[in-house]
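Single-letter residue listing:
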Amino acid sequence: MKVLHITASYKPAYIYGGPVFSISALTEALAQNGVGTDVYTTTANGHENLKLDTSKTYRIDGVSVKYSPRYLGGLFFSPKLMKDLWKHCKIYDVVHIHSWWNFVSIFACVVCLIRCVTPVLSLRGTMSDFSFDNKKVWVKKLFHECVGSFLLKRCNIHFTSAGELANARRWFSPARYFILRNITVIPPVSQSGTETHNSFELVFLGRLHPIKNLEILIDAIKGLDLPCRLKIYGQGDPDYVKRLKSRAGENVQWMGWVEGEEKFKALRDADIFVLISQYENFGNVLVEALSQGTAVICARGIGISDFVEEKDLGWTVIPEVEEVRKTLSYAKHDIQKRNRIRETAPRIVDLTFSAHALGGKYAEEYQKNYAHANPIHS
């Protein structure tokens, strides 16, 4: 079986956060499971472009990746990618498109349907109330009513959680879909170099954006009657970050961007990882924190909050200042629960989210439900 993945951005464009990690984790897991896996993407890397030779095909961690020039900034306009897709899409058993609300995803969907190829489409949180109400609101709603809903109903939709499906159903009724969690690449848990600290150590790691509700978290720790320190890892719009810093007290530290082992050490060293976003279709970083044995506090209803509740791997909250403050106090004093999570969470995560746990399931889903729609290879 041969699978082509279409995505507006791919590693090393880590500036786009979780989707880049989860998409590359999926493609690599498929390759490891013997699935022929190619990626068409663009050179997008935030406001800049990756300095790559777009005439070449790169081999990245077992995956064949072809980068095309990106134009029009955040709209991700890439004529070369569309030309390549038009020419080659029918040689693949499955074409898997990632995300929505950008020209790469929308035009790729149109190209596939014109070429009589039914694509798999991972929405990755783009079909939610927050997405519709954030940026270009009337353009999105008009496009969805006139064109978008028509296209989406003709795709095979992949959701990463039941919550993402429920959000999408407010806007359209998928004709065919499946639910499989994101694959998360995690290193073995290491105790070497783990910090010890006297205060209650909280950590946030991710994109610094209003959707993350960092204002609520900052205000919540101001009233905590216990020694506490919040480390914030990430980057965002400079004006927004400046406003956050002016709101924060001395017990908030701004750590900048980290990745690789440095990121996992930051997660491992904390007492609690906190993610109280307005919306997350999944929440990769929650899985990463738990993989290192760190208990989590997350907003109720986001991505894998049901998993956190089911496995009792932390606390879920309504993202309001008083509730977050009370929950932080509970977590501080429930040392027994945090110690249990420290011991058991890494194994639970490995059995649930790792490549060896999920890679074969994605391949089976393709073969069972989708390869027959575009029958090229045996």
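Refer to the structure above for everything that follows.
Thresholds, definitions, all that
- Residues numbered from 1 in each chain as written.
- Predicted model: local features only at pLDDT ≥ 70, side-chain atom pairs only at ≥ 80, totals over all residues.
- Heavy atoms only, no water.
- Pairing = 2+ DSSP bridges.
- Helix = DSSP H or I, 4+ residues; strand = E, 2+ residues; numbered from the N terminus.
- Axes fitted to C-alpha atoms, helices over the stretch in contact; angles between N-to-C directions.
- Buried < 20%, exposed > 50% of the residue type's maximum accessible area, 1.4 Å probe, protein only.
- Right-handed = clockwise from strand over helix to strand, strands pointing away.
- Expected span 1.5 Å × (residues − 1).
- Bend = angle between axes of the 7 residues up to and from the residue.
- Contact = heavy atoms within 4.5 Å.
- Parallel < 35°, antiparallel > 145°, perpendicular 65-115°, else oblique.
- Left-handed = near helix turned anticlockwise from the far one by under 90°.
- Nonpolar A, V, L, I, M, F, W, Y, C, P; charged D, E, K, R; others polar.
- Salt bridge = Lys/Arg side-chain N within 4 Å of Asp/Glu carboxyl O.
- Core = buried A, V, L, I, M, F, W, Y, C linked by side-chain atoms within 4.5 Å.

**A few points about the sheet that holds strand 15 (residues 295–299)**
Strand order across the open sheet formed by 6 strands is 13-12-11-14-15-16, with parallel pairing between neighbours. Only two strands of the sheet have a single partner each, and these edge strands are strand 13 (252–256) and strand 16 (314–317). Taking each pair of neighbouring strands and ignoring which way they run, the sheet shows an average axis angle of 20 degrees. Bridge analysis of strand 11 (residues 200–205) against strand 14 (residues 272–275) gives 2 bridges, and the strand direction is parallel. Counted as the bridge partner of L202 is I272 from strand 14.

**Let's talk about the pairing of strand 2 (residues 36–42)**
Where burial is concerned, most of strand 2 is hidden: 6 out of the 7 residues are buried. Pairing between strand 1 (residues 2–6) and strand 2: 5 bridges, direction parallel. By the bridge assignment, H5 is partnered in strand 2 with V39. Viewed along the sheet, the connection from strand 1 through helix 1 (residues 18–32) into strand 2 turns out right-handed. Pairing of strand 2 with strand 6 (residues 63–68) involves 5 bridges; the strand directions are parallel. Residue pairing for strand 6: D38 is matched across the bridge by S64.

**Things to note about helix 5 (residues 137–152)**
Taking 1.5 Å as the rise per residue, helix 5 with 16 residues should run 22 Å; its terminal C-alpha atoms sit only 18 Å apart, a clear shortfall. The sharpest bend along helix 5 reaches about 60 degrees and sits at H144. For helix 5, the full list of buried residues reads K140, H144, G148, S149, L151 and L152. Turning to helix 5, the residues buried within the fold contact helix 3 (103–114), strand 8 (120–122), helix 4 (129–132) and strand 9 (156–159).

**Side note on the packing of helix 2 (residues 79–88) against helix 3**
Relative orientation of the contacting elements helix 2 and helix 3 amounts to 25 degrees, with a least axis distance of 10 Å. The orientation of helix 2 relative to helix 3 falls into the category roughly parallel. Crossing geometry of helix 2 relative to helix 3 is assigned as right-handed. Here L81, M82, L85 and W86 of helix 2 come into contact with helix 3, specifically with F103, V104, F107, A108, V111, C112 and I114. For the contact of helix 2 with helix 3, the per-class residue count stands at 11 nonpolar, no polar and no charged.

**Overview of the pattern of salt bridges**
Opposite charge on two side chains lets them pair, provided their charged atoms get close. Taken as a whole, this structure holds 20 salt bridges when the rule is applied. For R268, the salt bridge goes to E261, with nearest N and O atoms at 2.8 Å. Relative accessible area serves as the criterion here: at 2%, R268 is assigned to the buried category. Across the salt bridge formed by E323 and R300, the nearest N and O atoms sit 3.4 Å from each other. Residue E323 is found in helix 12 (residues 321–333), and its partner R300 is found in the loop between strand 15 and helix 11 (305–311); the two are separated by 23 residues along the sequence. The exposure class assigned to E323 is partly exposed, which follows from its relative accessible area of 22%. Here R300 falls in the partly exposed class, since its relative accessible area comes to 44%. Salt bridges sharing common partners tie together K11, E28 and D61.

**Regarding the nonpolar core**
Of all hydrophobic cores here, the largest spans 58 residues; its most connected members are L217, I221, I272, F273 and L328. If you tally residues by element for this core, the top one is helix 7 (residues 214–222), at 6 residues. Judged by nonpolar contacts, the second largest core, of 34 residues, contains A8, I97, V117 and L123.

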